[in-house]
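A closer look at the structure
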Amino acid sequence: MQFCKSCGGVLNIFETNDEQICRACEKKTPPEPAAASKPVPADHDDLSSAVLSVENDTIILKAEEGWVLWSGPTDKPTTLGSILKRAHRIHQIRSKRNRPKN
């Protein structure tokens, strides 16, 4: 016989053997947060002059240098954090490529 680790009650017949808490306790406890991705870098100074525009049903983020840092459809929601993270990384890569070699 198996017992709920939260309330100590007997687990129902319908719970599988790998269950550790009963359905009632499962409803009470908040779900564990999904694995969070790395936080967006705090220094987005290189993106402060970037321009966000809409062209042909596409949202485009362009750097001051004219590089497209991010683009996506207007009908699909995207978080600002993911846009900034990818744009920041693309800007870093393109900046390294365009540095004058000594």
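Just above sits the structure.
Let me sum up the structure you'll find in this document. In this text the structure is predicted, and so the values were computed from the model without any measurement.

What follows deals with the side chain of histidine 91. Structurally, histidine 91 can be placed in helix 2 (residues 80-97). Classification of histidine 91 as buried rests on a relative accessible area of 6%. Contacts of histidine 91, omitting those with residues within four sequence positions, involve Asp46, Leu47, Ala63, Glu65, Trp67 and Leu69.

Okay, the pairing of strand 3 (residues 68-73) next. Looking at chain direction, strand 2 (residues 58-62) and strand 3 are connected through five bridges and run antiparallel. Bridge pairing links isoleucine 59 to glycine 72 in strand 3. From the end of strand 2 to the start of strand 3, which pair antiparallel, there are five residues, and glycine 66 there has a positive phi angle of about 100 degrees.

If you walk across this open sheet you meet the three strands as 1-2-3, and the pairing is antiparallel. Edge positions in the sheet fall to strand 1 (51-55) and strand 3, since each of these pairs with one other strand and no more. Across the sheet, the mean angle separating the axes of adjacent strands is 20 degrees when strand polarity is ignored. Seen against the sheet, helix 2 touches strand 2 and strand 3 and runs at an angle of roughly 145 degrees to strand 3.

Direction of pairing for strand 1 relative to strand 2: antiparallel, over a ladder of five bridges. Residue pairing for strand 2: glutamate 55 is matched across the bridge by threonine 58. Where strand 1 folds back onto strand 2 in an antiparallel hairpin, the turn is made up of two residues, including asparagine 56, whose phi is positive at roughly 50 degrees.

The terminal C-alpha atoms of helix 2 lie 26 Å apart, and with 18 residues this matches the ideal 26 Å at 1.5 Å per residue to within 8%. Turning to helix 2, its buried residues number three or more, namely Ile83, Ala87, His88 and His91. Buried residues of helix 2 fall within an arc of 125 degrees about the axis and therefore sit on the same side. Within helix 2, the exposed residues directed more than 90 degrees away from the buried face are Arg86, Lys96 and Arg97.

In this structure, Leu47, Leu61, Ala63, Trp67, Leu69, Trp70, Ile83 and Ala87 together form the largest nonpolar core, which totals eight residues. Filtering out sequence-adjacent residues up to four positions away, tryptophan 70 remains in contact with Ile59, Ile60, Leu61, Thr78 and Ile83.

Criteria and cut-off values
- Residues numbered from 1 in each chain as written.
- Predicted model: local features only at pLDDT ≥ 70, side-chain atom pairs only at ≥ 80, totals over all residues.
- Heavy atoms only, no water.
- Helix = DSSP H or I, 4+ residues; strand = E, 2+ residues; numbered from the N terminus.
- Buried < 20%, exposed > 50% of the residue type's maximum accessible area, 1.4 Å probe, protein only.
- Contact = heavy atoms within 4.5 Å.
- Pairing = 2+ DSSP bridges.
- Axes fitted to C-alpha atoms, helices over the stretch in contact; angles between N-to-C directions.
- Expected span 1.5 Å × (residues − 1).
- Arc of directions from axis to C-beta.
- Core = buried A, V, L, I, M, F, W, Y, C linked by side-chain atoms within 4.5 Å.

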